[in-house]
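Survey of secondary and tertiary structure
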Amino acid sequence: MEGSLRSITFGLLVATALLFPGKGNAANFNQRLAEARQQYFAGLQGNRAAAAQARAGFDALSREYPGNPVVEAYSGSLELLDAARTWAIWDKRRLASEGLAKMDQAVNRAPGDLEARFIRAASAWHLPFFYKRRDQAADDFSFIAPRAEAAVAKGTLPPELAAAALDYYGQVLIDRSDNHGAKQAFEAAVRIDSSSPAGRDALKRLRSE
């Protein structure tokens, strides 16, 4: 019995170290996450080399930090992007299903993680209607919006992603005929990061009113 307890304790310690790395490991993890994140978004802009580096980076992080919700969300989003780019119908359906499942699992594992929620919402926002993900994405943006500025101040959400979430949220509110709320969301996006693509888009929307 004592040996079994030691084994369980050791297993829990290992799991805790993987999910919640120590200070030294956390710094390394955060740096690698930042690099993979940058490559991910460069890949979205059409940089194929960056897209390949993003996949390699998140694959490595997934192996070393299994169960991390942010890493899992990005990994799922990359599978969804692969689904959009393949011509093989059978692969398209499989990759889309697996990618969405990974993002759902990431958010279910850590419902309060704003970056994981943002990646799921932004990835699903433009999906065809038959995926029935538009309302879920809108709900995710609605969850993030009132928490975005505080998260940026705490350093738990990159400012460019917070601005993007608010820019999307403004669009959600426009769809709901809440023009005043949309204006506030766009203003917050500009306030958080006016130089980001989302900040510039929000500013353009404000000027067009």
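Residues numbered from 1 in each chain as written. Predicted model: local features only at pLDDT ≥ 70, side-chain atom pairs only at ≥ 80, totals over all residues. Heavy atoms only, no water.

Moving on, we get to the overall build of the chain. A tally of regular secondary structure across the chain gives 11 helices and 0 strands. Sequence-ordered secondary structure for the chain, helices as α and strands as β, is α-α-α-α-α-α-α-α-α-α-α. The proportion of buried residues among the 209 residues of the chain is 42%. For the chain, restricting intrachain contacts to residue pairs at least 6 apart in sequence, the fraction spanning at least 24 positions comes to 57%. (Helix = DSSP H or I, 4+ residues; strand = E, 2+ residues; numbered from the N terminus. Buried < 20%, exposed > 50% of the residue type's maximum accessible area, 1.4 Å probe, protein only. Contact = heavy atoms within 4.5 Å.)

So, on to the side chain of Ser75. Looking at where Ser75 falls in the secondary structure, it is placed in helix H4 (residues 69–85). Beyond its immediate stretch of four places on either side in the chain, Ser75 contacts Phe58, Ser62 and Lys102.

With that out of the way, let us pick up the pattern of salt bridges. For the structure on display, the rule yields 15 salt bridges. One salt bridge in this structure joins Arg117 and Asp140, with 2.6 Å as the shortest N-O distance. On the criterion of sequence distance, the pair formed by Arg117 in helix H6 (residues 114–124) and Asp140 in helix H7 (residues 134–144) is long-range, its members being 23 residues apart. Each member of the pair, Arg117 as well as Asp140, carries the same accessibility label: buried. Counted as one network, the salt bridges with shared partners bring together Asp104, Arg117, Arg120, Arg133 and Asp140. (Salt bridge = Lys/Arg side-chain N within 4 Å of Asp/Glu carboxyl O.)

Right, let's get into the confidence of the model for the chain. Mean pLDDT over the chain: 88, with 89% of residues reaching 70 or higher. Predicted confidence for residues 1–23 stays below pLDDT 50, and this span has 9 contacts to residues more than four positions away or in other chains. (pLDDT = per-residue confidence, 0-100.)

Bringing the nonpolar core into the picture now. Among the nonpolar cores identified, the biggest contains 54 residues, and Phe58, Phe118 and Phe141 are the most heavily contacted of them. No other element matches helix H9 (residues 159–175), which puts 10 residues into this core. What Phe58 contacts, discounting residues up to four positions off in sequence, is Leu33, Ala36, Arg37, Tyr40, Val71, Tyr74, Ser75 and Leu78. (Core = buried A, V, L, I, M, F, W, Y, C linked by side-chain atoms within 4.5 Å.)

Our focus in this paragraph is the packing of aromatic side chains. Taken as a whole and judged by the stated rule, the model has 11 aromatic pairs. Seen from their ring centres, Phe141 and Tyr168 are 4.6 Å apart, and the 10° between their planes marks the pair as stacked. Taken together, the positions of Phe141 in helix H7 and Tyr168 in helix H9 put the pair 27 residues apart, joining distant regions of the chain. Assessed through its relative accessible area of 0%, Phe141 is described here as buried. Classification of Tyr168 by relative accessible area gives buried; the value is 18%. Aromatic rings pair up to connect Tyr40, Phe41, Phe58 and Tyr74 into one cluster. When the ring centre of Phe143 is taken as reference, the NZ or CZ atom of Arg117 above it lies at 4.1 Å. (Phe/Tyr/Trp six-rings, centres within 6.5 Å; stacked < 30°, edge-to-face > 60°. Lys NZ or Arg CZ within 6 Å of the ring centre and 35° of its normal.)

Right, let's talk about the side chain of Arg120 for a bit. Looking at where Arg120 falls in the secondary structure, it is placed in helix H6. Every residue in contact with Arg120, bar those within four places of it in the chain, is listed here: Met103, Asp104, Val107, Arg133, Gln136 and Asp140.

So, on to the environment of Ala121. With respect to the helices and strands, the residue Ala121 is situated in helix H6. The sequence separation of Ala121 and Arg134 amounts to 13 residues, and the corresponding C-alpha distance is 8.4 Å. Residues in contact with Ala121, not counting those within four places in the same chain, are Ala137, Asp140 and Phe141.

A positive phi angle is found at Lys132, which is not glycine, with a value near 55°. Mapping Lys132 onto the fold places it in the loop between H6 and H7. When its relative accessible area of 73% is taken as the criterion, Lys132 is described as exposed. The backbone phi angle of Ser177 is positive, close to 65°, even though this residue is not glycine. With respect to the element layout, Ser177 can be found in the loop between H9 and helix H10 (179–193).

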